[in-house]
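Chain residues, written in single-letter form:
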Amino acid sequence: MPSKHSVGVSMPVKKYVHFADLNARQRARQLLDEGSFHELLGPFDRLMSPWLTQQDIVSQSDDGVVIAQGCIDGKPTVIAAIEGGFQGGSLGEVAGAKIAGALELALEDNLAGIPTAAVLILETGGVRLQEANLGLAAIAEIQSAIVALREHQPVIGIITGPVGCFGGMSIAAGLCSYLLMTREGRLGLNGPQVIEQEAGIEEYNAQDKPFIWGISGGLQRYQTGFVDACTGEDLDAVREAVITVRQQGIPEHHRSDRWEHFLALLHTLDPAETMDAAVAKAMLTRTSAEDDTATGAQS
Amino acid sequence: MNTFTLTLSAQERASSALLTPTQVGCVASGDLEVMVEPHRHPASEQAVINIQSSGSSSAERWTHIFQLISQQQPLPPMRMDIHDFAATPGVVRLRIEQALEMAQSSMTQPSVNQPNTPQEGPDHAI
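Remember, it's a predicted structure, so these values are computed and weren't measured experimentally. Residues take numbers from 1 onward in each chain, read along the sequence in its written order. Whichever chain is written first becomes A and whichever ligand is written first becomes 1, with later ones labelled in order. Thresholds applied to this predicted model are a pLDDT of at least 70 for local features of residues and 80 or more for the giving and counting of side-chain atom pairs; totals over whole chains, interfaces and linings are not thresholded and use all residues. Only hydrogens and water are set aside; all other atoms, that is, all heavy atoms of the structure, feed into the side-chain values.

### Looking at the sheet that holds strand S1 (residues 38–40) of chain A
All names here are of chain A. Under the convention used in this document: If DSSP finds at least two bridges between two strands, the strands pair. A run of H or I in DSSP counts as a helix once it spans at least four residues, and a run of E counts as a strand once it spans at least two, with each numbered from the N terminus. For helices, the axis comes from a line fit to the C-alpha atoms of the stretch in contact; other axes are also lines fit to C-alpha atoms, and the angle between any two N-to-C directions lies between 0 and 180 degrees. Residue contacts follow a heavy-atom distance rule, with two residues in contact if any of their heavy atoms lie within 4.5 Å.
In space, the 7 strands of this open sheet follow the order S1-S2-S3-S4-S5-S6-S7, with mixed pairing throughout. Edge strands, defined here as strands with exactly one partner in the open sheet, are S1 and strand S7 (229–231). Averaged over all adjacent pairs, the angle separating strand axes in this sheet is 25°, with direction ignored. As judged from the 5 bridges shared by strand S3 (residues 75–82) and strand S4 (residues 117–122), these two strands associate in the parallel manner. Bridged to Ala 81 within S4 is Ile 121. In the packing of helix H2 (residues 93–111) onto the sheet, contacts are made with S1, strand S2 (65–72), S3, S4 and strand S5 (155–159), and the angle to S2 comes to roughly 20°.

### Some words on the environment of Gly 96 of chain A
Tracing the chain through its elements places Gly 96 of chain A in helix H2. Separated by 41 residues in the primary sequence, Gly 96 of chain A and Ala 137 of chain A have C-alpha atoms spaced 8.5 Å apart.

### Topic: the pattern of salt bridges
As a reminder, the rule being used: A side-chain nitrogen of Lys or Arg and a carboxyl oxygen of Asp or Glu constitute a salt bridge if their distance falls within 4 Å. The classification of residues rests on relative accessible area computed with a 1.4 Å probe and restricted to protein chains. Under 20% of the type maximum is buried, over 50% is exposed, and intermediate values are partly exposed.
Counted by the stated rule, this structure contains 14 salt bridges over all chains. Here Glu 37 of chain B ties to Arg 46 of chain A by a salt bridge, and the two come within 2.5 Å at their closest N and O atoms. Pair noted here: Glu 37 of chain B is in strand S3 (residues 31–37) and Arg 46 of chain A is in the loop between S1 and S2, and the two residues belong to different chains. For Glu 37 of chain B, a relative accessible area of 10% corresponds to the buried category. Here Arg 128 of chain A makes a salt bridge to Asp 63 of chain A, at a shortest N to O gap of 2.9 Å. In this pair, Arg 128 of chain A is assigned in the loop between S4 and helix H3 (132–149) and Asp 63 of chain A in the loop between S1 and S2, connecting sequence segments 65 residues apart. Accessibility expressed as a relative area gives 0% for Arg 128 of chain A, which makes it buried.

### A word on the UniProt feature "modified residue: O-(phosphoribosyl dephospho-coenzyme A)serine" (unreviewed entry) in chain B
Residues and elements named next belong to chain B. Convention followed: UniProt positions are given in the numbering used here, feature names are shortened, and annotations may be inferred rather than shown by experiment.
According to UniProt, the "modified residue: O-(phosphoribosyl dephospho-coenzyme A)serine" (unreviewed entry) feature falls on Ser 29. Position of Ser 29 relative to the elements: it lies in the loop between strand S2 (22–25) and S3. Given the relative accessible area of 69%, Ser 29 is considered exposed.

### Concerning the state of the cysteines
Residues and elements named next belong to chain A. Going by this rule: Criterion for a disulfide: a pair of cysteine sulfur atoms within 2.5 Å.
According to the stated counting rule, one finds 0 disulfides over all chains in the structure shown. Cysteine Cys 165 remains unbridged, with the sulfur of Cys 176 as its closest cysteine sulfur at 8.4 Å. By relative accessible area, which is 0% here, Cys 165 ends up buried. Left without a disulfide partner, Cys 230 is nearest to the cysteine sulfur of Cys 165, which lies 15 Å away. Taking relative accessible area as the criterion, Cys 230 reaches 22% and is therefore assigned partly exposed.

### Remarks on the pairing of S4 of chain A
All names here are of chain A. Heads up, the condition is: With the strands pointing away from the viewer, any crossover whose connection runs clockwise from the first strand over the helix to the second is right-handed.
Across the 6 residues that make up S4, a large majority, 6, are buried. Across the two faces of S4 the burial is the same, with Ala 117, Val 119 and Ile 121 and Ala 118, Leu 120 and Leu 122 all buried. One crossover worth recording links S3 to the parallel S4 by way of H2, and it is right-handed. As judged from the 5 bridges shared by S4 and S5, these two strands associate in the parallel manner. Bridge pairing links Ala 118 to Val 155 in S5.

### Section: the domain arrangement of chain A
Residues and elements named next belong to chain A. To keep it simple, the criterion reads: Residue ranges for the domains trace back to a domain assignment, done automatically or taken from a database. Any N or O atom pair separated by 3.5 Å or less is treated as a polar contact, with the protein-specific requirement of one donor-capable and one acceptor-capable atom, and with residues adjacent in sequence counted only for side-chain atom pairs.
Its domain assignment divides chain A into domain 1 (19–256) and domain 2 (258–299). Centre-to-centre, using C-alpha coordinates, domain 1 lies 28 Å away from domain 2. With 11 residues of domain 1 at the interface, the matching set in domain 2 holds 10 residues. At the boundary of domain 1 with domain 2, the tally comes to 0 salt bridges. At the junction of domain 1 and domain 2, the tally comes to 5 residue pairs in polar contact (both at pLDDT 80 or more). Listing elements by their share of the side of domain 1 that touches domain 2, those giving two or more residues are helix H6 (209–216) and helix H7 (218–223). Counting residues per element, the side of domain 1 that touches domain 2 draws most heavily on H6, at 3 residues.

### Here we look at empty space enclosed by the protein
What counts is decided by this rule: Only protein atoms enter the 1 Å grid used here, on which a cavity is any set of points holding a 1.4 Å probe that cannot leave and a pocket is any open set flanked by protein within 12 Å on both sides along at least five of seven lines; residues with an atom within 4 Å of a point are listed as lining. Grid points are joined across faces, edges and corners, and a volume is the space filled by probe spheres set on the points. Three categories are distinguished: nonpolar for Ala, Val, Leu, Ile, Met, Phe, Trp, Tyr, Cys and Pro, charged for Asp, Glu, Lys and Arg, and polar for the others, with Gly belonging to the last.
Here the structure, examined in full by the defined rule, presents 2 cavities of 30 Å³ or more. Reported here for the largest cavity is a volume of approximately 70 Å³. Together, 12 residues line the largest cavity, and Asn 23, Arg 25 and Glu 83 of chain A together with Gln 23 and Gly 25 of chain B are the ones closest to its centre. The set of elements that each furnish at least two residues to the lining of the largest cavity consists of helix H1 (24–31) of chain A together with S2 of chain B. The greatest single-element share of the lining of the largest cavity, amounting to 3 residues, is contributed by S2 of chain B. A class-by-class count of the residues in the lining of the largest cavity yields 4 nonpolar, 4 polar and 4 charged.

### Quick look at the pairing of strand S5 (residues 78–85) of chain B
Residues and elements named next belong to chain B. Where burial is concerned, most of S5 is hidden: 6 out of the 8 residues are buried. Two strands pair when backbone bridges link them, and S3 and S5 are joined in this way by 7 bridges, in the antiparallel orientation. Each bridged residue has a counterpart across the sheet, and for Glu 33 the counterpart in S5 is His 83. Judged from the 7 bridges that link them, strand S4 (residues 46–53) and S5 form a sheet pairing that is parallel. Each residue of the ladder has a partner; that of Gln 52, found in S5, is His 83. Since S4 and S5 lie parallel, the crossover through helix H1 (residues 59–72) that links them has a hand, and here it is left-handed.

Next comes the structure, spelled out in structure tokens:
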């Protein structure tokens with residue numbers, strides 16, 4: 001029987017690639033099938049923020065967002081990757097419009113019979129404060145586009161990297177068909193420093209890393225049902241997780257359809273009680289039977 | 001923020017048309033973005049460098065950096081854009097040299113048909 005491998009060609013040793021160490025463009029390129037990466041509105045299109053320069057802030061040629069078309073596991077995919085290093089991955093008018101546009105492009109594909117899915121690599125603090133309402137409007141457009149596209153093909157969010165995913169983009173993450181996180185990732189509406197500033201350091205110490213990751217880190221978010229998988233940190237693990245959830249197709253119930261369940265859990269929260277990771281986990285993993293009791297007690 | 005344009009006479013006779021458009025780095029704390037591309041008009045023999053820099057850097061400082069670089073390697077005729085976010089002179093030199101090397105090397109062409117070749121894309125970090 002002839003060997004499948006040609007003689008004399010040694011297979012290359014698979015290199016460990018830490019996904020979070022890659023920049024946004026590398027993350028998009030490496031997640032896509034080899035050679036299929038095709039960037040849209042790249043650096044040399046110079047679609048930059050018109051607002052940062054007016055505020056004396058150096059802008060970036062791609063406004064911190066990389067949009068690429070390609071294939072994952074042979075299937076058409078559009079990727080939007082946010083560069084956490086540039087302005088904390090914050091989204092202004094241009095960056096936000098690029099992501100919304102990419103999702104709308106995928107929707108057009110689907111309406112034309114091409115089953116294009118979307119992957120969002122979310123390392124972002126949310127709205128870029130220097131662009132205020134334009135950033136807010138852009139994030140609203142992203143959220144609408146996610147909701148429109150997820151009826152046709154999965155929208156898969158990945159949260160990794162030192163910045164985490166916060167602000168309006170944490171809501172966008174919650175709208176995704178599937179949400180993946182690495183342990184290092186963090187997900188929350190308000191960032192730890194904002195909470196510390198509002199609640200006081202005794203209540204919430206943003207420097208206390210075990211505490212912060214205990215509350216908003218990938219493992220806790222997975223154990224409490226906010227994400228579908230807490231993956232390993234390496235590129236292959238992330239890529240495998242994307243392929244796995246994509247094969248599951250459109251979920252029967254989107255996480256955001258379960259808002260009543262989560263709201264009922266929130267109603268059981270006693271603000272007088274000091275929250276730590278264990279208390280938060282216990283509260284968020286109560287079964288639905290307990291929910292009913294809790295909701296009943298509230299009403 | 002300061003903006004400068006330096007126009008240096010290129011030391012290399014080669015046409016800038018041979019350059020591959022290349023982007024490296026990021027406008028992140030202590031880092032910078034460097035973009036290199038050929039001139040729209042191939043006849044131009046100058047290295048035109050557009051710089052946006054945060055903080056209080058001066059045109060003299062940037063001229064000095066390019067003098068040091070051009071002692072190591074001749075500058076090709078090109079358009080270069082720099083978006084600097086308070087990078088140290090060491091990081092600035094590394095990024096500029098990285099961009100020039102990649103723009104002038106055929107390695108920047110992603111090898112589609114050779115899956116075993118490492119992909120040294122234009123975005124490859126140091």
